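# An overview of the molecular structure
Here are the chains, one letter per residue:
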Amino acid sequence: STTSTSTRQDQIVVVKGYNYKYFPWTQPNFYFKAQARTDVHILFASGINSDGYEIVIGGWSNSQSVIRRGKQGTSLSAHTQTPGILSPSEFRGFWITTELVNSKLQIKVGKDGESVPFMTGVDNSTPLQRNYVALASYSSYTATYKF
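A short tour of the structure in this document, coming up. (Residues numbered from 1 in each chain as written. Predicted model: local features only at pLDDT ≥ 70, side-chain atom pairs only at ≥ 80, totals over all residues. Heavy atoms only, no water.)

## Let's talk about the environment of Trp-25
Applicable threshold: Put simply, DSSP marks the helices as runs of H or I at least four residues long and the strands as runs of E at least two long, and each gets a number from the N terminus on. For this analysis, residues touch if any pair of their heavy atoms sits within 4.5 Å. As used in this structure description, the phrase polar contact means that two N or O atoms lie within 3.5 Å; if the pair is within protein, one of them must be able to donate a hydrogen and the other to accept it, and residues adjacent in sequence are counted only when both atoms belong to side chains.
Within the secondary structure, Trp-25 is located in the loop between strand E2 (21-24) and strand E3 (29-36). In this structure, the C-alpha to C-alpha distance between Trp-25 and Val-133, residues 108 residues apart in sequence, is 5.6 Å. For Trp-25, the contacting residues outside a window of four places in its chain are Phe-30, Phe-44, Arg-130, Asn-131, Tyr-132, Val-133 and Phe-147. Looking at Trp-25, its side chain comes within polar contact range of the main-chain oxygen of Gln-27, at 3.5 Å.

So, in structure tokens, the structure goes:
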């Protein structure tokens, strides 16, 4: 049998409702796959149970996406039309990048296999600390994540 130490086993996380599960994360980029009927929510936060940058993919019955400062907070991007971006039957891959540009945090969200983001947000306030990534869904919905 062959064993490999270079490949990391994907962590699989299942979340029901708007209940964030937090994981230590200090890298500027986050690549993940999600399977959900609607409402994939990712939060970059300073600490466990703290607020942060909220990225909603396939909210509003899998029709729109948005980047916000704070849970249910101020939109940093336009509400982007993304009909059918999520699937209840298969995992879809996404990436999120964070970068300081002229001391303002720029957050970009894209699809696996595409280099151009489908959504970009800019925080014109002092950037929040990002030490954790947290995963959730909404209402009574369930989302499954791999990262």
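## Here's the deal with unusual backbone geometry
Put simply, the test is: Using a 1.4 Å probe on the protein chains alone, a residue whose accessible area is under 20% of its type maximum counts as buried, one over 50% counts as exposed, and one in between counts as partly exposed.
Phi at Asn-102 is positive, roughly 50°, even though this residue is not glycine. Its place among the elements puts Asn-102 in the loop between strand E9 (92-101) and strand E10 (104-111). Note on Asn-102: relative accessible area 68%, which makes it exposed. Phi is positive for Ser-139, which is not a glycine, with a value near 55°. With respect to the secondary-structure elements, Ser-139 resides in the loop between strand E12 (132-136) and strand E13 (142-146).

## Thoughts on the packing of aromatic side chains
To describe a pair of aromatic rings, one takes the distance between the centres and the angle between the planes. Using the following cut-off: Each pair of aromatic rings taken from Phe, Tyr and Trp, with Trp reduced to its six-membered ring, is defined by centres within 6.5 Å and is described as stacked if the planes are under 30 degrees apart, edge-to-face if over 60, and tilted in the remaining cases. Geometrically, a lysine NZ or arginine CZ counts as sitting over a ring once it is within 6 Å of the ring centre and also within 35 degrees of the ring normal.
For the structure shown, the criterion picks out twelve aromatic pairs. Their ring planes at 70° and their centres at 5.1 Å tell us that Tyr-18 and Tyr-138 sit as a pair that is edge-to-face. Of this pair, Tyr-18 sits in the loop between strand E1 (12-16) and E2 while Tyr-138 sits in the loop between E12 and E13, and the two are 120 residues apart along the sequence. Judged by centre distance (5.2 Å) and plane angle (20°), the ring pair of Phe-30 and Phe-32 falls under stacked. For the pair formed by Phe-30 and Phe-32, the shared burial category is buried. Grouped by ring-pair contacts, the aromatic residues Phe-23, Trp-25, Phe-30, Phe-32, Phe-44, Phe-94, Phe-118, Tyr-145 and Phe-147 constitute a single cluster. One residue, Lys-146, lies across the ring of Phe-91, its end atom 4.3 Å from the ring centre.

Note that all results are geometric; they support no functional claim without further evidence.
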